[in-house]
Amino acid sequence: MTPVEKPCGLEAKGVVFKYQVDESEAVMALAGVDLEISQGEFVVILGPNGSGKSTLAKHLNALLLPDEGDVWVFGMNTKAPELTWEIRRSAGMVFQNPDNQLVATVVEEDVAFGPENLGIEPDKIRELVSEALRAVGMEAYKRHSPHHLSGGQKQRVAIAGILAMKPRCIILDEPTAMLDPSGREEVMKTIKQLNQEMGITVIHITHFMDEALYADRVIVMDQGKIAMMGTPKQVFSQWEDISELGLEVPPIGQLSRRLWAAGIDIDPGILTVDELVDELCRLK
Amino acid sequence: MISRGIVVGQYYPVNSLVHSLDPRAKIVISMIFMVVLFVGNNFYSFAVAGTFAVLAVTLSKIPWKVLIRGLRPIVFIMLFTTALHLFLTPGPAIFQIGPLKASWPGLIQGLFIGIRLIILIVFTSLLTLTTSPIELTDGLEDILKPFSRIGVPAHEIAMMMTIALRFIPTLLEEADRIMKAQMSRGADFESGNMIQRAKSLVPLLVPLFVSAFRRADELAMAMEARCYRGGEGRTRMRQLRLSGGDYLALGLTIIMSALVIYTRIRFGPVIPRGTL
Ligand SMILES: Nc1ncnc2c1ncn2[C@@H]1O[C@H](COP(=O)(O)OP(=O)(O)O)[C@@H](O)[C@H]1O
Ligand SMILES: [Mg+2]
């Protein structure tokens, strides 16, 4: 018998999950995942398509329950039915397609959706909604229809909808995949703010390598397992393993590595423009 | 190109007395008005109901132009029913074209039906023109709530309407995009007879439905992730409250209804029974 409560951030232990396609056939989506994420951490999850990233994300929000193993969200076991709503409140989830997660015809109504489901008092909801919209910089659009917003704005509204439930953790499943570069930047800036200013734990799934540079920790998934884990520098220094998974080291990382290979005396693990500029200036 | 027709009857946001009424009051008034319009059976009744409608339109600050544009789609039906009455009602002839004989009672009956339709449409479109979709669904949910004890799914109906309203523009945009993509590959949606045109819609509808189901799936997941579990225990941010203006409007509606009932009793049907 596994304990219902366990003190910590988010934890997955030996999680196995299969999608039952039909009677005889099942797809193994998670093949034994062990993971610990502490409160306030910024974690980026990378991995090729079909490696189980979305499936893992849905386990951290009790949308899916493990076939084997356990998931604890802030000490609450996701298998305990009476804790489901508190788990979903404290670990909110933002999805890829901004159009398919906004429910209401007006921005502020949509942000209110979560708190309304929790049965919070109307006056308190209003407060939560304006606070959340301010946090993502969308308060000027509160009476707009989501249909007329840009992709980046829609995702910020979706984030506000989660923030209004006062979560301790936000899980974002490829929130930038359908956005243009400026929308991506908008959303990434918002996510970083949540983490740094509000202390919210962020689990960000992406296929843009440069977004991984913000992370405290990068997790690379492959075939339902965690293939690599560490700081961005540690992960991206494993050059061969990364490209074997069909992923690419971010451009600046490639550049530093090439400069280093060409005999220039710099750190080949540099990943950001600023660091590279500093390093090159030091050379002169 | 598809979305153009939808504009008719859509929320017209200006500040007016009618706009600021409680949506529940407006829904109830509209329902009473519809019944009253069918209780009225002569031109005096219409004078009363018509005056009430004109007053409402004036107070709503909706330009007549907008309301008349809303009538356009039903002009054909109106002319058709009026003509049917004109030619099919027996009575003294006005003129005759071949076997078709236009009668005096027919003319009166035709006019009567036409006017009733015009008043009906003008007044009911005022409801959607002055009430935003959210207010409308909130109001409807509230009105239906007492009936949920006898099995009317009040919350579910309102939620379905909200989601439909939210996704109509998205789906129309997508239909437009698919249509343009198909047209650029030589598809033809505009020529041929009705059957050919209906057939040409299949390659539009199939991808549209597939995508709509995918959207529904993802939306359901997102709603669940945001702790949605039906109407039970759910609160609303927007609270509806009836004010003095709402009671006044309801009072006026009742007076108008009483007057219409009076005209029905006092003056009787437009074409007295037995004269046909
Ligand atoms: N609803 C589903 N039914 C059946 N198989 C699924 C379903 N969702 C995902 N899978 C399969 O599970 C595996 C992991 O998918 P997913 O977690 O979506 O990966 P990722 O998000 O990394 O692309 C894939 O092989 C995928 O085909
Ligand atoms: Mg995925």
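Since the structure is predicted, the reported quantities are computational estimates derived from the model, not experimental observations. (Residues numbered from 1 in each chain as written. Chains lettered and ligands numbered in written order. Predicted model: local features only at pLDDT ≥ 70, side-chain atom pairs only at ≥ 80, totals over all residues. Heavy atoms only, no water.)

**Some remarks on the site of ligand 1**
All names here are of chain A.
Next up, step 1: Neighbouring residues of ligand 1: Tyr19, Val27, Ala29, Pro48, Asn49, Gly50, Ser51, Gly52, Lys53, Ser54 and Thr55.
Next up, step 2: Residue Gly50 places a main-chain N or O atom 2.7 Å away from an oxygen atom belonging to ligand 1.
Next up, step 3: The contact in question runs from an oxygen atom of ligand 1 to an N or O atom on the side chain of Thr55, over 2.4 Å.
Next up, step 4: Contact with the protein chains covers 61% of the free accessible surface of ligand 1, which is 550 Å².
Next up, step 5: Elements that contribute at least two residues to the shell around ligand 1 include exactly β2 (26–37) and α1 (53–59).
Next up, step 6: Considering each element in turn, the shell around ligand 1 owes the most residues, 3 residues, to α1.
Next up, step 7: Of the residues in the shell around ligand 1, the class split is 4 nonpolar, 6 polar and 1 charged. (Near = heavy atom within 4 Å. Polar contact = N/O pair within 3.5 Å; in protein donor to acceptor, adjacent residues only side chain to side chain. Areas by Shrake-Rupley, 256 points an atom, 1.4 Å probe, with all protein chains shown as cover. Helix = DSSP H or I, 4+ residues; strand = E, 2+ residues; numbered from the N terminus. Nonpolar A, V, L, I, M, F, W, Y, C, P; charged D, E, K, R; others polar.)

**Quick word on the sheet that holds strand β5 (residues 76–77) of chain A**
Residues and elements named next belong to chain A.
Next up, step 1: The 4 strands are arranged β2-β1-β4-β5 in an open sheet whose pairing can be described as antiparallel. With one partner strand each, in any of the chains shown, β2 and β5 form the two edges of the open sheet.
Next up, step 2: Pairing between strand β4 (residues 68–73) and β5: 2 bridges, direction antiparallel. Paired with Trp72 across the bridge in β5 is Asn77. (Pairing = 2+ DSSP bridges.)

**Points about the packing of helix α5 (residues 151–163) of chain A against helix α6 (residues 181–198) of chain A**
Residue and element names in this part refer to chain A.
Next up, step 1: The N-to-C vectors of α5 and α6 enclose an angle of 25°; their axes lie 8 Å apart at closest approach. In terms of orientation, α5 lies roughly parallel with respect to α6. For the crossing formed where α5 meets α6, the hand is right-handed. For the pair formed by α5 and α6, the contact residues are Gly152, Gln153, Gln155, Arg156, Ile159 and Leu163 on the first element and Gly183, Glu186, Val187, Thr190, Ile191, Leu194 and Met198 on the second.
Next up, step 2: Grouping the amino acids of the contact of α5 with α6 by side-chain chemistry returns 6 nonpolar, 5 polar and 2 charged. (Axes fitted to C-alpha atoms, helices over the stretch in contact; angles between N-to-C directions. Parallel < 35°, antiparallel > 145°, perpendicular 65-115°, else oblique. Left-handed = near helix turned anticlockwise from the far one by under 90°. Contact = heavy atoms within 4.5 Å.)

**Considering the confidence of the model for chain B**
Residue and element names in this part refer to chain B.
Next up, step 1: Per-chain confidence: chain B averages 88 in pLDDT, with 95% of residues scoring 70 or above.
Next up, step 2: pLDDT under 50 marks residues 1–8. Its contacts with residues more than four places away, or in other chains, come to 11 contacts.
Next up, step 3: Of the two predicted TM-score estimates for the complex, the pTM is 0.84 and the ipTM is 0.89. (pLDDT = per-residue confidence, 0-100.)

**Observations regarding the sheet that holds strand β10 (residues 225–230) of chain A**
All names here are of chain A.
Next up, step 1: Strands sit in the order β6-β7-β8-β3-β9-β10 across an open sheet of 6 strands; the sheet is mixed. Looking at the sheet topology across the chains shown, the edges are occupied by β6 (91–94) and β10. When the angles between neighbouring strand axes are averaged without regard to direction, this sheet yields 20°.
Next up, step 2: When strand β9 (residues 217–222) meets β10, the two strands line up antiparallel, connected through 5 bridges. In the strand pairing of β10, Asp222 is matched with Lys225.

**Concerning the state of the cysteines**
Next up, step 1: If you walk through the whole model with that rule in mind, you get 0 disulfides over all chains.
Next up, step 2: Residue Cys227 of chain B stays outside any disulfide, its sulfur separated by 13 Å from that of Cys169 of chain A, the closest cysteine. (Disulfide = S-S within 2.5 Å.)

**Section: the nonpolar core**
Residues and elements named next belong to chain A.
Next up, step 1: Counting residues in hydrophobic clusters, the biggest one holds 47 residues, and the most contacted among them are Leu46, Ile159 and Ile170.
Next up, step 2: The set of elements that each furnish at least two residues to this core consists of β3 (42–46), α3 (107–117), α4 (122–135), α5, β7 (169–173), α6, β9 and α7 (232–237).
Next up, step 3: Per element, the largest residue contribution to this core is 6 residues, and it comes from α5.
Next up, step 4: Residues within four places of Ile159 in sequence aside, it is in contact with Val94, Val136, Ile170, Leu172, Val187, Thr190, Ile191 and Leu194.
Next up, step 5: Among the nonpolar cores identified, the runner-up in size contains 35 residues, and Ala29, Leu30, Ile37 and Leu56 belong to it. (Core = buried A, V, L, I, M, F, W, Y, C linked by side-chain atoms within 4.5 Å. Buried < 20%, exposed > 50% of the residue type's maximum accessible area, 1.4 Å probe, protein only.)

**Here we look at the environment of Arg264 of chain B**
Residues and elements named next belong to chain B.
Next up, step 1: Tracing the sequence through the fold places Arg264 in helix α10 (residues 244–267).
Next up, step 2: A residue is classified by how much of its surface remains accessible, and Arg264, at 38% relative accessible area, is partly exposed.
Next up, step 3: Sequence separation of Arg264 and Phe123 is 141 residues, and the distance between their C-alpha atoms is 20 Å.
Next up, step 4: Apart from residues lying up to four places away in sequence, Arg264 is in contact with Phe38, Val39, Asn41, Asn42 and Ser45.

**Topic: α5 of chain A**
Residue and element names in this part refer to chain A.
Next up, step 1: With 13 residues, α5 should reach 18 Å at 1.5 Å per residue; the first-to-last C-alpha distance of 18 Å fits that figure.
Next up, step 2: Burial analysis of α5 places 12 of its 13 residues in the buried class, which makes it a mostly covered element.
Next up, step 3: By the burial criterion, the buried members of α5 are Gly152, Gln153, Lys154, Gln155, Arg156, Val157, Ala158, Ile159, Ala160, Gly161, Ile162 and Leu163.
Next up, step 4: Where α5 is buried, its residues touch β6, α3, α4, β7 and α6. (Expected span 1.5 Å × (residues − 1).)

**Focus on the interface of chain B and chain A**
Next up, step 1: Counting residues at the interface gives 30 residues for chain B, matched by 38 residues for chain A.
Next up, step 2: For the pair chain B and chain A, the two sides together bury roughly 3200 Å², of which 57% comes from carbon and sulfur.
Next up, step 3: When residues of chain B are sorted by the area they lose upon contact with chain A, Arg166, Arg226 and Met237 of chain B head the list and together hold 30% of the total.
Next up, step 4: In this structure, the connection of chain B to chain A is made through 7 salt bridges.
Next up, step 5: The salt bridge partner of Arg238 of chain B is Glu109 of chain A, with a shortest N-O separation of 3.5 Å.
Next up, step 6: Across the chain B-chain A interface, the total number found is 18 residue pairs in polar contact (both at pLDDT 80 or more).
Next up, step 7: Looking at the side of chain B that touches chain A, the elements with two or more residues in it are α7 (154–184) and α9 (202–225) of chain B. (Buried area = accessible area lost by both parts, 1.4 Å probe. Salt bridge = Lys/Arg side-chain N within 4 Å of Asp/Glu carboxyl O.)

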